[in-house]
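# Tertiary structure, described
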Amino acid sequence: MNNDQVLEAAFIFERHNGVRHGDYENDLIAFSKLKDYQPAKLEQLLIKGVDAGVYTNDEERVGVYWALSKSNNRQLIPVFRRWLRSEVAANCDTVLFQLLVALDRLDEPVFPRTRSSRAADDNALNLRDARAYLNKMESSLRLFFNKTLCYEKYSCTFNAR
């Protein structure tokens, strides 16, 4: 999808979620070639585009992350986390904020309660919060898997008796 279509997809997601639009958004959707696509299909097209490297510059990825955040689909949390991890590793601090906002819209605890401001150009804070969030999520997963393995180990021992 090109940048105009990414914008159209965002408005389609919003409409699907009950957002009432003005004339501009309604006209954009009415004339869009994407209007007949189901939101899930649009999500997949955008995800595949990012994963395939179609959106090479930061501005394009910010647009896609923003559009997908409008879908309000909690099943996208693992995808947003994967992209956040990738953007942090690549030091792409200009796009981190949009991923943090996307996760925040899905009620993920990406911003500390003590953070008093949120802005795209707070690069150091955004990087710090992204790293802290990812570390917290990875620690939670390790704890979950350790508990699961421990349970399975003792469960198997118990069942073998």
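Parameters at a glance
Residues numbered from 1 in each chain as written. Predicted model: local features only at pLDDT ≥ 70, side-chain atom pairs only at ≥ 80, totals over all residues. Heavy atoms only, no water. Buried < 20%, exposed > 50% of the residue type's maximum accessible area, 1.4 Å probe, protein only. Core = buried A, V, L, I, M, F, W, Y, C linked by side-chain atoms within 4.5 Å. Helix = DSSP H or I, 4+ residues; strand = E, 2+ residues; numbered from the N terminus. Contact = heavy atoms within 4.5 Å. Axes fitted to C-alpha atoms, helices over the stretch in contact; angles between N-to-C directions. Parallel < 35°, antiparallel > 145°, perpendicular 65-115°, else oblique. Left-handed = near helix turned anticlockwise from the far one by under 90°. Nonpolar A, V, L, I, M, F, W, Y, C, P; charged D, E, K, R; others polar.

Glancing now at unusual backbone geometry. You will see that Asn-72, though not glycine, has its phi angle at about 55°, which is positive. For Asn-72, a relative accessible area of 38% corresponds to the partly exposed category.

Glancing now at the nonpolar core. It is characteristic of soluble globular proteins that their nonpolar side chains tend to be buried jointly. Leu-46, Leu-68, Phe-80, Trp-83, Leu-84 and Tyr-133 are the most contacted members of the largest nonpolar core, which has 40 residues in total. Sorting the residues of this core by element identifies helix H1 (3-16), helix H3 (39-51), helix H4 (58-69), helix H5 (77-89), helix H6 (93-105) and helix H7 (123-160) as the ones contributing at least two each. Broken down by element, this core gets its largest block of residues, seven residues, from H6. Non-local contacts of Trp-83, meaning those with residues more than four positions away in its chain, are made with Ile-47, Val-50, Asp-51, Tyr-65, Leu-68 and Leu-99.

Once that is clear, we can look at the packing of H3 against H5. In contact at an axis separation of 12 Å, H3 and H5 are set at 20° when each is read in the N-to-C sense. Classed by the angle they form, the pair H3 and H5 counts as roughly parallel. Relative to H5, H3 is oriented so that their crossing is left-handed. Of the residues in H5, those touching H3 at Ile-47, Val-50 and Asp-51 are Val-79, Arg-82 and Trp-83. Tallied by class, the residues present in the contact of H3 with H5 amount to four nonpolar, no polar and two charged.

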